[in-house]
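# Understanding the architecture of this molecule
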Amino acid sequence: ILIPGKKFGIEYDGLYYHGLVESATPKQKNYHRDKVLLAESLGINLIRITEEEWLSYPNLIKSMIRVRLGLGSNKISARKCEIKPISAPQTREFFTRTHIGGFSAASDYISLVYESKTVMVCSFSKSRFDKNYDWELVRMSSELDTVVVGGFQKILKHFRDSHSGSIMTYADRRYSAGGSYVKAGFEYIHLTPPGYQW
């Protein structure tokens, strides 16, 4: 699906026809990556949704699409939010509803609260995979159909005020080029973990 006026595209990947076989050639293995990069070079924000994700998380996927299209999103300024610690069980419930990757254990969970409601959560831990960095932003998400303007920067500043060292994170290129991370001062490095498919 392409929406030219918004420069936004959606690809729906059925599991049967989008599985990667062991005998795939290098060209076949890079097919999805090259498609995402081609769309990006044309100024098109292309997201890829798998059949399994659509069947399992339809409300989350619809929210992601609405936010990208600027349709019915609730915009909240981070200045109006209060930073609060949040427990692991509360974080698990929040990420299970709002993050396509679900919950992943971490050491620090930080939330933004607006009018007594949690609207954004970030989790941090010691860097799990790349030991060249001290810390890793493990998860970040906002409440469904909600954009917290400046929210990530506010949580990141709060974390940096109490933790020293470098911070890194990963962006799943099926959904995002990591623009919010770059905007917050992260250096962009392209890498594809072994076995990962775009």
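Residues numbered from 1 in each chain as written. Predicted model: local features only at pLDDT ≥ 70, side-chain atom pairs only at ≥ 80, totals over all residues. Heavy atoms only, no water.

Attention now goes to the overall build of the chain. Each helix and strand in the chain was counted, giving eight helices and 10 strands. When burial is assessed residue by residue, the chain has 39% of its 198 residues classed as buried. In the chain, 65% of the contacts between residues at least 6 apart in sequence involve partners at least 24 apart. Here the chain has roughly 11800 Å² of accessible surface; of this, 55% comes from carbon and sulfur atoms. (Helix = DSSP H or I, 4+ residues; strand = E, 2+ residues; numbered from the N terminus. Buried < 20%, exposed > 50% of the residue type's maximum accessible area, 1.4 Å probe, protein only. Contact = heavy atoms within 4.5 Å. Areas by Shrake-Rupley, 256 points an atom, 1.4 Å probe, with all protein chains shown as cover.)

Before going further, it helps to spend a moment on the packing of aromatic side chains. Tallying each qualifying case throughout the model produces five aromatic pairs. On the basis of an interplanar angle of 10 degrees and a centroid distance of 3.9 Å, the ring pair of phenylalanine 124 and phenylalanine 159 is categorised as stacked. With phenylalanine 124 in strand β7 (residues 117-126) and phenylalanine 159 in helix α7 (residues 151-162), this residue pair connects regions lying 35 residues apart in the sequence. With a centroid separation of 5.4 Å and an interplanar angle of 85 degrees, the aromatic rings of tryptophan 135 and phenylalanine 159 are classed as edge-to-face. One end of the pair, tryptophan 135, is in strand β8 (residues 135-142); the other, phenylalanine 159, is in helix α7, with 24 residues separating them in the sequence. The exposure class of phenylalanine 159 is buried, given its relative accessible area of 1%. Members of the aromatic cluster, each reached through a chain of ring pairs, are Phe124, Trp135 and Phe159. When the ring centre of tryptophan 135 is taken as origin, the NZ or CZ atom of lysine 126, which lies over that ring, is 4.2 Å away. (Phe/Tyr/Trp six-rings, centres within 6.5 Å; stacked < 30°, edge-to-face > 60°. Lys NZ or Arg CZ within 6 Å of the ring centre and 35° of its normal.)

On their own, these measurements won't tell you what the molecule is for.
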